[in-house]
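Below are the chains, spelled out letter by letter.
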Amino acid sequence: MGFSAAATAVAAVVSAAAATYSSVKQGEAQSAALKAQQQQQQQREQQLRTRALQDEAARREELVSNLSTVSAIRAGRGLSQISPTALVIRDDITDDAMDSMLTSRLNILNGAESERLGAIQSGNAASTALTTGYLKGGISLLDYGAKQFAGSGSGLANSDPNFQGTYGGKRVSYLPNTGSKY
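Residues numbered from 1 in each chain as written. Predicted model: local features only at pLDDT ≥ 70, side-chain atom pairs only at ≥ 80, totals over all residues. Heavy atoms only, no water.

1. Considering the overall build of the protein
Along the protein, the regular secondary structure elements total two helices and three strands. Listing each helix as α and each strand as β along the protein from the N terminus yields α-α-β-β-β. Expressed as a percentage of its 182 residues, the buried residues of the protein come to 21%. For the protein, the proportion of contacts with a sequence separation of at least 24, taken over those separated by at least 6, is 65%. Here the protein has roughly 12200 Å² of accessible surface; of this, 57% comes from carbon and sulfur atoms. (Helix = DSSP H or I, 4+ residues; strand = E, 2+ residues; numbered from the N terminus. Buried < 20%, exposed > 50% of the residue type's maximum accessible area, 1.4 Å probe, protein only. Contact = heavy atoms within 4.5 Å. Areas by Shrake-Rupley, 256 points an atom, 1.4 Å probe, with all protein chains shown as cover.)

2. Description of the environment of Ala19
Residue position: Ala19 is located in helix α1 (residues 3-76). Residues Ala19 and Gly137 lie 118 residues apart in sequence; the distance between their C-alpha atoms is 6.8 Å.

3. Side note on a negative patch on the surface
Residues Asp92, Asp95, Asp96 and Asp99 make up a contiguous surface patch of negative charge. Looking at the element boundaries, Asp99 is found in helix α2 (residues 84-150). (Patch = residues over 30% accessible without salt bridge, like charges linked within 9 Å, V, L, I, M, F, W, Y side chains within 5 Å. Salt bridge = Lys/Arg side-chain N within 4 Å of Asp/Glu carboxyl O. Lys, Arg positive; Asp, Glu negative; His and termini not counted. Charge placed at Lys NZ, Arg CZ, Asp CG, Glu CD.)

4. Re the pattern of salt bridges
Applying the stated criterion across every chain yields a total of nine salt bridges. In this structure, Glu56 engages Arg60 in a salt bridge whose closest nitrogen and oxygen atoms are separated by 3.0 Å. Remark: Arg60 and Glu56 occur in helix α1; sequence separation between them is four residues, near one turn of the helix. Using a relative accessible area of 38% as the deciding quantity, one classes Arg60 as partly exposed. In this structure, the salt-bridge partner of Asp91 is Arg90, at a minimum N-O distance of 3.8 Å. On the basis of relative accessible area, Arg90 is assigned to the partly exposed category, the value being 42%. Among the charged side chains, a network of salt bridges with common partners joins Glu45, Arg49, Glu113 and Arg116.

5. Some thoughts on the side chain of Gln41
Within the fold, Gln41 resides in helix α1. A polar atom in the side chain of Gln41 sits 3.3 Å from the backbone nitrogen of Ala119. Not counting residues within four places of it along the chain, the set of residues in contact with Gln41 comprises Glu115, Gly118, Ala119 and Ser122. (Polar contact = N/O pair within 3.5 Å; in protein donor to acceptor, adjacent residues only side chain to side chain.)

6. Details of the confidence of the model for the protein
Across the protein, pLDDT averages 84, with 81% of residues at or above 70. For the stretch residues 154-158, pLDDT sits under 50, and the model shows 14 contacts to residues farther than four places along the chain or on other chains. (pLDDT = per-residue confidence, 0-100.)

7. Some thoughts on the environment of Arg49
Structurally, Arg49 is set in helix α1. When the C-alpha positions of Arg49 and Gly111 are compared, they lie 8.9 Å apart, and in sequence the two are 62 residues distant. With residues near it in sequence (within four places) discarded, Arg49 still touches Leu109, Ala112, Glu113 and Arg116.

Right under this line is the structure:
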């Protein structure tokens, strides 16, 4: 093997190693970014759940305050607190406040659920990105190995796409860039 052939072989090894390293690092970087996104979504989910509880507590305080105000006004005018009119007013105020509270809580919790589902998707995507990086790295190594094997004079295949030969008594050909024999 001359200097030129040795240099070519070294360049091929370095190229395969660089491609493998690059694929793995790219997958790791994408995975890390997606995991960071997942954590942010989980934090936003928790913040929204806390906000829903705080909003409900504030609305309950407002309801109690409104009912107290109505009772004070009625008492100041000398009206009964248990008359049918007073009970209807109290029920209307309570029903409106509870409907509003429930609607607000559900809207906030829907946002939290959306963040939770997004976090799950980001986590799955992070796992996929990492796996893809390692698979691409492995494919780079396999491709290099297949090319080396094909060029070793084994007679199984070569890099000529028109190659036709036999292996185990069967006709085979080389599929470029895959190292596969069929």
